[in-house]
Amino acid sequence: MLSKKVRLEAHGEDSSYFLGWKEYEKNAYDEVQNPSGIIQMGLAENQLSFHLLEAWLASNQDAARLTKNGESVFRELALFQDYHSLPDFKNVLVDFMAEIRRNKVSFDPRKLVLMAGATSANETLMFCIADPGDAFLLPTPYYPGFDRDLKWRTGVELVPIHCSSLNGFKVTKFSLEEAYQQAQKLSLNVKGVLITNPSNPLGTTMSHDELEELITFAIAKKIHIISDEIYSGTVFDHPSFISIMEALLDRKLEETELWNRVHVVYSLSKDLGVPGFRVGMIYSNNEALVSAATKMSSFGLISSQTQYLLSKLLSDKKFTRNYMKENRKRLKARREMLVTALREAGIECLKSNAGLFCWVDMRNLLSSNTFDAEVELWKKILREAGLNVSPGASCHCSEPGWFRICFANMSEETLNVSMQRMKAFVEKTTQQCRRGGGRVTHQESGCNSRRRPLSNWVLNLCSYDREPYR
């Protein structure tokens, strides 16, 4: 007999977000080997500037070969297992973080805890701040993986802060208070608010006013703020990114209790495009939290050779500045490609200025204004268009018909193919709606028997995505 944690399967991976990935993996698109396969548009991965990293490695053989001034450091790195991490790496990381924030914030390497990715960092913060049964508030829509990352092993409950398309899904005083009151009704002890800034899946940065409301709320409720800022270096358009640390400094809150209740999560996976290196971190002014998180990092350390390689790369300021500038330029151009192509197909996107994705409005393609209709549309896009996109319900969006579509994890040629498929799909769906008197009929929304069928567990998608307080 296995543990309850295994038997209850409360891992959050029965969401359409993960189910779409599994379908893609069984029938992945390849330009030559499988041109009719599913194109992965649900993966927030940055491959647009990879050749810049490869060029740097080619011209910096000491770092790639684990040598220093021609002498091997293999033995030193192979025996290094200190959970405080390599000092050189932490020093260059805090400089890199400060530069992304336009040096309006400085970071102390002694307050930085390194671990294997932002997933580990966020979960560790849950363990440090909350007990099983305590709650965190999260603005919706939010990253679907949080249902797994924050809840599964920690036992923490997540309560949505419902945001509306009427104001571009911004966090308001009312939405914060409403979520807090809902948690109270459920007899949940609220320990904090977790935000992603820039937002995943919206691709937007939080405004100064939103951060002000959040800070005021946290002071009044005496709770923590976790700011997941893993997309901070992807901001390619106005307005500029404002870190929660900058907002605290603007209000001169260094000597207040809140100063020790605000924590930043960062990673190199998105900004630098190296998710496989598993580099995540927590920054906090809370000494007790930093001490405990450092001990917990033993369960997921970053390899010493990864730290060594990236410390050399990040210390090359000329390279990193050029990389970040070029990467932002390419992200902006790629976003425009996606937005333009979708607009030509009759689909609009939320205006965004950051991230590796767009928040796409497909409400006009729904057969009804329901989440059941959204699930049906998602299945059709996956089955008929061969595109894996992330439905808004998997992000706990309170309005059906929104989808996250990623644009930086594929070549320009593949993006063009995906948009050709999307345009053809929209034209077909629109024609069906006209024939059905404005609604897609059951027969028209069914599976074409000549196409590759979806797995039964996708066709019988569970209600996980639509449960309001999971």
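Use the structure listed above.
Everything quoted here is computed from the prediction, not taken from an experiment. (Residues numbered from 1 in each chain as written. Predicted model: local features only at pLDDT ≥ 70, side-chain atom pairs only at ≥ 80, totals over all residues. Heavy atoms only, no water.)

1. Overview of the state of the cysteines
Threshold: In plain terms, two cysteine sulfur atoms within 2.5 Å form what is called a disulfide here.
Using the criterion set out here, one finds zero disulfides in the structure. Cys406 carries a free sulfur, and the closest cysteine sulfur to it, the one in Cys358, is 9.3 Å from it.

2. Details of the packing of aromatic side chains
Geometrically, a pair of aromatic rings is defined through the distance of the ring centres and the angle of the planes. Formally: For this analysis, a ring pair means two rings from Phe, Tyr or Trp (six-membered ring only for Trp) whose centres lie within 6.5 Å, classed as stacked if their planes differ by under 30 degrees, edge-to-face if by over 60, and tilted for the remaining angles. Helix numbering and strand numbering both begin at the N terminus, where a helix is a DSSP run of H or I of at least 4 residues and a strand a DSSP run of E of at least 2. Relative accessibility decides the category of a residue: with a 1.4 Å probe and only protein chains considered, values under 20% of the type maximum give buried, values over 50% give exposed, and everything between is partly exposed. Put simply, a charge is over a ring when the Lys NZ or the Arg CZ is close to the ring centre, within 6 Å, and near the line of the ring normal, within 35 degrees.
Enumeration over the complete set of coordinates arrives at 13 aromatic pairs. Between Tyr231 and Phe357 the ring centres are 5.3 Å apart and the planes differ by 75°, which places this aromatic pair in the edge-to-face class. With Tyr231 in the loop between β8 (224-228) and α11 (244-250) and Phe357 in strand β12 (residues 357-361), the pair connects residues that are 126 residues apart, well separated along the chain. Per residue, the accessibility class of Tyr231 equals that of Phe357, and both read buried. Note on Trp359 and Trp402: the rings are 6.1 Å apart at their centroids and 5° apart in plane angle, and the pair reads as stacked. Residue Trp359 is located in strand β12, and its partner Trp402 is located in strand β15 (residues 402-406); the two are separated by 43 residues in the primary sequence. Each member of the pair Trp359 and Trp402 is classed as buried. Here the aromatic cluster, defined as three or more aromatic residues joined through ring pairs, consists of Tyr17, Phe18, Trp21, Tyr142, Tyr143 and Phe146. The lysine or arginine in question, Arg101, covers the ring of Tyr266, its NZ or CZ lying 5.5 Å from the ring centre. Positioned above the aromatic ring of Tyr180 is the side chain of Lys221, whose terminal nitrogen or guanidinium carbon lies 4.4 Å from the ring centre.

3. Quick look at the nonpolar core
One broad trend across soluble globular proteins is that nonpolar side chains are buried collectively. Selection criterion: By nonpolar core we mean a set of buried residues, namely Ala, Val, Leu, Ile, Met, Phe, Trp, Tyr and Cys, connected to one another through side-chain atoms within 4.5 Å. The contact rule is simple, with two residues in contact once any of their heavy atoms fall within 4.5 Å.
Judged by nonpolar contacts, the single largest core of 75 residues is most densely connected at Phe89, Leu137, Ile244, Met245, Leu268, Leu272 and Leu314. Setting aside residues no more than four positions away along its own chain, Leu137 makes contact with Val159, Ile161, Leu176, Ala179, Tyr180, Ala183, Val190, Gly192, Val193, Leu194 and Phe217. Tyr142, Leu194, Ala408 and Leu415 belong to the second-largest nonpolar core, a separate cluster that totals 69 residues.

4. Things to note about the sheet that holds strand β11 (residues 348-349)
For clarity, the threshold we go by: Each pair of strands is called paired provided DSSP finds at least two bridges between the two strands. Only C-alpha atoms enter the line fits that serve as axes; for helices the fit covers just the stretch in contact. Angles between N-to-C directions range over 0 to 180 degrees.
Overall, antiparallel pairing links the four strands, which are arranged β11-β12-β15-β14 in an open sheet. The open sheet is flanked by β11 and β14 (390-391), the only strands paired with a single partner. By the bridge criterion, two bridges tie β14 to β15 in an arrangement that is antiparallel. Each bridged residue has a counterpart across the sheet, and for Ser390 the counterpart in β15 is Arg404. Sitting on the sheet, helix α15 (residues 371-385) touches β14 and β15, and the angle it makes with β15 is about 30°.

5. Quick notes on the sheet that holds strand β6 (residues 157-161)
Paired through their backbone hydrogen bonds, the strands of a sheet run either parallel or antiparallel. Here we have seven strands laid out as an open sheet, ordered β4-β10-β9-β8-β7-β5-β6, and mixed in their pairing. Since the sheet does not close on itself, it has two edges, and those belong to β4 (112-115) and β6, each with one partner. Across the sheet, the mean angle separating the axes of adjacent strands is 25° when strand polarity is ignored. Of the pairings in the sheet, the one linking β4 to strand β10 (residues 280-284) comprises four bridges and is antiparallel in character. Looking at β10, one finds that Val113 is bridged to Ile282.

6. Quick word on the pairing of strand β9 (residues 262-267)
Inclusion rule: With the strands aimed away from the viewer, a crossover counts as right-handed if its path from the first strand over the helix to the second runs clockwise.
Counting buried positions along β9 gives six out of six residues, so the element sits mostly inside the fold. Across the two faces of β9 the burial is the same, with Val262, Val264 and Tyr266 and His263, Val265 and Ser267 all buried. Both β8 and β9 contribute to a ladder of four bridges, which runs parallel. Residue pairing for β9: Ile225 is matched across the bridge by Val262. Each parallel crossover has a hand, and for β8 linked through α11 to β9 it is right-handed. Pairing geometry for β9 and β10, over five bridges, is antiparallel. Bridging across to β10, Ser267 finds its partner in Gly280.

7. Notes on the environment of Glu157
Looking at where Glu157 falls in the secondary structure, it is placed in strand β6. Residue classification places Glu157 among the partly exposed residues on the basis of a relative accessible area of 30%. Each C-alpha atom of the pair Glu157 and Val190 lies 9.1 Å from the other, and the pair is 33 residues apart in sequence. With residues up to four places along the chain from it excluded, the contact list for Glu157 reads Gly133, Asp134, Ala135, Phe136, Lys151 and Leu188.

8. Thoughts on the environment of Lys173
Within the secondary structure, Lys173 is located in helix α9 (residues 173-185). For Lys173, a relative accessible area of 61% gives the class exposed.

9. Section: the pairing of β6
Within β6, four of the five residues are buried, which leaves it mostly tucked inside the rest of the structure. For strand β5 (residues 135-139) and β6, the ladder comprises five bridges, and the chain directions are parallel. For Phe136, the partnering residue across the bridge sits in β6 and is Leu158.

10. Concerning the pattern of salt bridges
Rule in force here: Here, a salt bridge means any Lys or Arg side-chain nitrogen found within 4 Å of an Asp or Glu carboxyl oxygen.
One pass over the full model with this rule turns up 20 salt bridges. Between Arg101 and Glu229 there is a salt bridge, and its shortest N-O distance comes to 2.8 Å. You can see Arg101 sitting in the loop between α6 (87-100) and β4 and its partner Glu229 sitting in the loop between β8 and α11, a full 128 residues away along the chain. Here Arg101 and Glu229 have matching classes, each one buried. A salt bridge links Glu336 to Arg335; the shortest N-O distance between them is 2.8 Å. Its relative accessible area of 36% is what places Glu336 among the partly exposed residues. Within the structure, one salt-bridge network assembled from shared partners comprises Arg102, Lys104 and Glu246.

11. Focus on the environment of Arg334
Test applied: Counting of polar contacts relies on pairs of N or O atoms within 3.5 Å, with two restrictions inside protein: one atom must be capable of donating a hydrogen and the other of accepting it, and residues adjacent in sequence are counted only when both atoms are side-chain atoms.
Of note, Arg334 is situated in helix α14 (residues 317-344). In this structure, Arg334 is in contact with Leu48, Phe407, Ala408, Met410, Ser411, Glu412 and Leu415, ignoring residues within four places of it in sequence. From its side chain, Arg334 meets the backbone oxygen of Phe407 in a polar contact 2.8 Å long. Looking at Arg334, its side chain comes within polar contact range of the main-chain oxygen of Met410, at 2.9 Å.

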